[in-house]
Structure formats: C-alpha cells, structure tokens
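# Examining the three-dimensional arrangement
Spelled out, the chains give:
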Amino acid sequence: MFTRRFALGAVIAAAFASAAFAHSYTLGPLKIGHPWARATVAANGGAFLSVDNTGATPDRLLRASTEVATSVQLHVHIKDGDIMRMREVDSVDLPAGKKIVFAPGGYHIMLLGLKKKLVEGERFALTLEFEKAGKITVDIAVDKPGAGAVEHRH
Ligand SMILES: [Cu+2]
C-alpha cells in the first residue's frame with residue numbers, strides 16, 4: 001500500500017519539478033494528489049491539492065478542517081474586472097471522471113487564523129469531508145513561501 005502510494009507520488013513529482021515531496025491518497029474512487037501549502041508568516045494561508053474522481057458518480061468536497069487554523073473555508077478566485085478576488089463557496093463539485101485541481105489563483109482551502117507558522121519542509125494534518133466518499137485525513141506538505149504560479153492575495 002505504502003509502496004504504491006510512493007510510486008504514484010514519484011510520478012507526480014516528475015510532472016511538477018518543485019514538488020519535492022509529492023504524495024497521494026485514495027478514498028474510494030477519489031485520488032487525492034499532493035496536498036501542499038505555502039510556508040507563511042501571515043495569519044492566513046492556503047492549502048492546495050488535486051482530486052481525481054475516477055468513479056461513475058459525482059461527489060462534492062463539503063469541508064476541510066485542521067488543528068493548525070482557527071477556521072477553514074473553501075475558496076475560489078474569481079476575476080472581478082481586472083482584480084482577482086477570493087470568494088467562499090459552500091462546496092466544490094467533483095464531476096465523475098474529472099480531475100479538479102486546487103491551486104493558487106483557483107480553488108483553494110483557506111486556512112484562517114493560523115495558530116503557528118507554516119514552515120517549509122514540515123507537514124500538518126488536514127481532514128477532508130466528501131459528500132459520498134466520506135472523510136480522510138491527509139498530510140499537507142509545506143512548500144516554499146512563493147510556490148505556485150499566481151500570487152495569493154487577501
Ligand atoms: Cu482564500
């Protein structure tokens with residue numbers, strides 16, 4: 001089991017050169033790829049991952065929780081004229097046969113009121129709750145402060 005995960009992680013690592021410690025999880029038909037966050041000294045941060053729904057029925061990410069933050073919200077970036085704004089969403093649809101990527105500039109898991117700094121190279125636990133697949137706790141790997149393509153503004 002662990003060996004298979006590690007092998008898949010290695011494939012993902014090859015695709016994203018900066019993802020030095022890629023890892024993945026399986027929950028029923030859902031494949032959760034490389035959960036990560038940026039190192040931060042600010043009160044808030046973002047966590048990112050991908051969810052590949054390999055099943056025949058749609059699912060939804062309903063919420064996420066972690067002990068390192070006071071509260072956790074599901075956010076999306078939307079373009080408002082020339083400005084990118086973040087908006088909270090109730091849930092994130094995971095259509096059957098599609099891979100949804102949470103990444104800077106798009107969907108992200110917003111960590112509000114961090115109780116400790118997120119330090120590069122460390123990990124913390126985050127629990128994801130899906131409508132059909134249920135709950136899973138994943139390790140979020142903390143990457144460099146500026147990792148990812150798009151600036152994450154608040
Ligand atoms: Cu946000």
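Counting restarts for each chain: residues are numbered from 1 in the order of the written sequence. With pLDDT at 70 or above as the cut-off, local features in this predicted model cover only qualifying residues; side-chain atom pairs require 80 or more to be listed or tallied, and sums for whole chains, interfaces and linings still use all residues.

What follows deals with the overall build of the protein. Secondary structure elements follow DSSP: runs of H or I of four or more residues count as helices, runs of E of two or more count as strands, with numbering from the N terminus. Scanning the protein from N- to C-terminus turns up one helix and eleven strands. Along the protein, from the amino end to the carboxyl end, the secondary structure elements read α-β-β-β-β-β-β-β-β-β-β-β. Buried residues are those with 20 or more other C-beta atoms within 10 Å of their own C-beta, exposed residues have 12 or fewer, and partly exposed residues lie in between; C-beta atoms are placed from the backbone. The buried share among the 154 residues of the protein stands at 29%. Long-range contacts, defined as pairs at least 24 residues apart, comprise 64% of the intrachain contacts of the protein with a sequence gap of at least 6. Here contacts are defined at the residue level, using C-beta atoms placed from the backbone and a cut-off of 7 Å between them.

This part covers the environment of Phe102. Looking at the secondary structure, you find Phe102 in strand β8 (residues 99–102). For Phe102, the residues in contact, after removing those within four places along its chain, are Phe48, Leu49, Ser50, Tyr107, His108 and Ile109.

A separate point is the pairing of strand β4 (residues 59–65). By definition, two strands form a pair when at least two bridges between them are found by DSSP. Note: β4 against strand β7 (residues 92–94), three bridges, orientation antiparallel. Across the sheet, Asp59 pairs through a bridge with Leu94, a residue of β7. Note: β4 against strand β10 (residues 123–130), four bridges, orientation antiparallel. Bridging across to β10, Leu61 finds its partner in Phe130.

Now for unusual backbone geometry. Residue His34 is not a glycine yet carries a positive backbone phi of 35 degrees. Within the secondary structure, His34 is located in strand β2 (residues 30–38). Exposure remark for His34: the 24 C-beta atoms within 10 Å place this residue in the buried category.

Formed by 29 residues in total, the largest nonpolar core has its most connected members in Ala37, Ala47, Leu126 and Ile140. The set of elements that each furnish at least two residues to this core consists of β2, β3 (45–53), β4, β9 (108–114), β10 and β11 (134–143). In this structure, Ala47 is in contact with Pro35, Ala37, His108, Ile109, Leu111, Leu126 and Ile140, ignoring residues within four places of it in sequence. To count as a nonpolar core, a set of buried Ala, Val, Leu, Ile, Met, Phe, Trp, Tyr and Cys residues must be joined through C-beta atoms within 7 Å.

With that out of the way, let us pick up the environment of Asp52. When you line up the elements, Asp52 lands in strand β3. Residues Asp52 and Pro29, spaced 23 residues apart in sequence, show a C-alpha to C-alpha distance of 8.1 Å. In this view, Asp52 contacts Lys31, Gly33 and Lys99; residues no more than four positions away in its chain are not counted.

Where a strand is regular, its side chains alternate between the two sheet faces. The pairing of β3 with β9 spans three bridges and is classified as antiparallel. Its bridge partner being in β9, Ala47 is matched across the sheet by Ile109.

Turning to the confidence of the model for the protein, a few remarks are in order. A residue's pLDDT is simply how confident the predictor is in it, with values from 0 to 100. Here the protein averages 87 in pLDDT, while 82% of its residues score no lower than 70. Scored below 50 in pLDDT, residues 6–19 shows 15 contacts in the model against residues more than four places distant or in partner chains. In the predicted structure, residues 149–154 sits below a pLDDT of 50 and forms eight contacts with residues beyond four places in sequence or in another chain.

As a further point, take the environment of Arg63. Take Arg63: it is sitting in strand β4. For the pair Arg63 and Gln73, spaced ten residues apart in sequence, the C-alpha to C-alpha distance is 7.2 Å. Every residue in contact with Arg63, bar those within four places of it in the chain, is listed here: Leu74 and Glu129.

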